[in-house]
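Descriptive structure summary
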Amino acid sequence: MILKKIKLQLKPLTPIHVWSGEELIYGLDVIDRDNKLCIIDFEKLPHELLEELVRVSSNRIPDLLYKYRDRIVCKELLNADSTLNEGSRIKAISSTLIPGSSLKGYIRTAIIYDLLNKLGKTTIINKLNSGIDLSKPPKNVSEGLEGALLRKPRPKRAGGFIDLLQLVLVSDPNIADYNLLIKKFIVYEILDNRLKSIGENHVIALTNGFLKYMITIIKPYNKESIRKIDRERLIQQDIDKLNEINRIDLIKSLKSFGCSILSNEIELVNKIPELRNYLYMLNNWKDKYCGENIENCVIARIGFMTGHLAKTILNIVRQYHLTLYKEILAYMTRQVKRVWDSRTIKLTTFDQKLVGIGWCELCLQEK
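Note that the structure is predicted; figures quoted are calculated from it, not measured.

1. Looking at helix H7 (residues 250-269)
For H7, built from 20 residues, the straight-helix expectation of 28 Å at 1.5 Å per residue is met to within 8% by its first-to-last C-alpha distance of 29 Å. For H7, a buried count of 15 out of 20 residues is recorded, marking the element as mostly surrounded by other parts of the structure. Capping the start of H7 is the job of one residue whose side-chain oxygen sits 3.2 Å from the backbone nitrogen of Ile251: Asp249.

2. Quick look at the nonpolar core
Of all hydrophobic cores here, the largest spans 99 residues; its most connected members are Leu10, Tyr278 and Leu362. Leave out the neighbours within four places in its chain, and Leu10 touches Ile16, Ile98, Gly209, Phe210, Leu211, Tyr213, Ile302, Cys360, Glu361 and Leu362. One finds Ile31, Ile40, Leu45 and Leu49 within the second-largest nonpolar core, a separate group that totals nine residues.

3. A word on the confidence of the model for the protein
Residues shown with low pLDDT carry predicted positions that ought not to be read at fine detail. Confidence along the protein averages 89 in pLDDT terms, with 93% of residues attaining 70 or more. When mean pLDDT is taken per element in the protein, strand E12 (residues 297-301) scores highest with 97 and helix H6 (residues 236-242) scores lowest with 69.

4. Some details on the packing of H7 against helix H8 (residues 276-289)
The contact between H7 and H8 brings their axes to 10 Å, and the two run at 155°. On the basis of their axis angle, the class for H7 and H8 is roughly antiparallel. Where H7 crosses over H8, the two elements pack in a sense that is left-handed. On H8, the residues that touch Lys255, Cys259, Leu262, Glu265, Ile266 and Val269 of H7 are Tyr278, Leu279, Leu282, Asn283, Trp285, Lys286 and Tyr289. In terms of residue class, the contact of H7 with H8 is built from nine nonpolar, one polar and three charged.

5. Quick notes on the packing of aromatic side chains
Applying the stated criterion to the full structure yields three aromatic pairs. Considering the side-chain rings of Tyr106 and Phe257, the 5.3 Å spacing of their centres and the 50° angle between planes classify their relative orientation as tilted. Within this pair, whereas Tyr106 is found in helix H3 (residues 100-117), its partner Phe257 is found in helix H7, the two being separated by 151 residues in sequence. Neither Tyr106 nor Phe257 differs from the other in exposure class; each is buried. Residues Trp285 and Trp359 carry aromatic rings whose centres are separated by 5.7 Å and whose planes lie at 50° to one another, so their mutual orientation is tilted. A residue pair is termed long-range when its members are at least 10 positions apart, and Trp285 in helix H8 and Trp359 in strand E15 (residues 359-366) qualify at 74 residues. Like Trp359, Trp285 is buried. The structure contains a cluster of three or more aromatic residues connected by ring pairs, namely Tyr106, Tyr113 and Phe257. Positioned above the aromatic ring of Tyr66 is the side chain of Arg69, whose terminal nitrogen or guanidinium carbon lies 3.9 Å from the ring centre. Looking at Lys91, its charged tip hangs above the ring of Trp19, at a distance of 3.8 Å from the centre.

Conventions adopted
- Residues numbered from 1 in each chain as written.
- Predicted model: local features only at pLDDT ≥ 70, side-chain atom pairs only at ≥ 80, totals over all residues.
- Heavy atoms only, no water.
- Helix = DSSP H or I, 4+ residues; strand = E, 2+ residues; numbered from the N terminus.
- Expected span 1.5 Å × (residues − 1).
- Buried < 20%, exposed > 50% of the residue type's maximum accessible area, 1.4 Å probe, protein only.
- Polar contact = N/O pair within 3.5 Å; in protein donor to acceptor, adjacent residues only side chain to side chain.
- Core = buried A, V, L, I, M, F, W, Y, C linked by side-chain atoms within 4.5 Å.
- Contact = heavy atoms within 4.5 Å.
- pLDDT = per-residue confidence, 0-100.
- Axes fitted to C-alpha atoms, helices over the stretch in contact; angles between N-to-C directions.
- Parallel < 35°, antiparallel > 145°, perpendicular 65-115°, else oblique.
- Left-handed = near helix turned anticlockwise from the far one by under 90°.
- Nonpolar A, V, L, I, M, F, W, Y, C, P; charged D, E, K, R; others polar.
- Phe/Tyr/Trp six-rings, centres within 6.5 Å; stacked < 30°, edge-to-face > 60°.
- Lys NZ or Arg CZ within 6 Å of the ring centre and 35° of its normal.

This is the structure we're talking about:
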């Protein structure tokens, strides 16, 4: 039942954060301990501390936690590279750091990008016009486009869809040799080629290490096996659709998408003097990952605050259908009730330099 297995190793190139959905509060969930920040394990609080906690007002809790700091068990002891004030909120990272589901979502977008980008200009424009529906909620806008490239409806009595990516399974990572750091991710507005800070988030970020995944691609049904399958559930057109998985070159798809994101970032920072070190880094990555030779390692951008171009195929929309691109920007501006465009850039400090968030190297090896 298995067509192939692919080992994938992810290495952070700049800090990465995939949010768990939980926010920690400095002074309540996080306290100072041994010159580090202790994320409290509330299931293992000392009995004496629990007895005192029920008798004090909420504004006394930080002082009480500090009093018992040497006896409190920490889930994690982390360093921070910026000052935290009491009450500062810190976005907690996913328990698996970068879940397999996040990686599969990125892979899905890369495949859609590559499949669409291989079509002729006229076909691309027609696919975009028919597949993008701005009358729908944001998460459903591109359902038609995804459907045209990856899905096929099943017979009415069976219901649902055949989806090419149902054949692709991505494990959660085997985590080895990693480092977490509490970092400040900053949103900058670009004004006259200068940077103006307009917002920030404190996050627990993955800054180095290796995450190892297994990608399993299930073997599609073949024409010989159709006789053994209930024709109400799976008919010949479904089999033909599933067999399209054989035409997808995962490394080429990831390379194509990753290098498009990289080129866009180079274009964005090229005229900003404050980011010359970051620009030098980006150009080095372009030379390494985006040359003619297809290597086993590609550039990618994953996680929180990486921008809409890293999560969508908007680069293609902008390149081939500028009118639709502007309509999408106006639509999203109405949805989020703020200007939604590329006049901002999200950065953090790394090795004492301002760099973009979420860059990583993906290396693939077929077993």
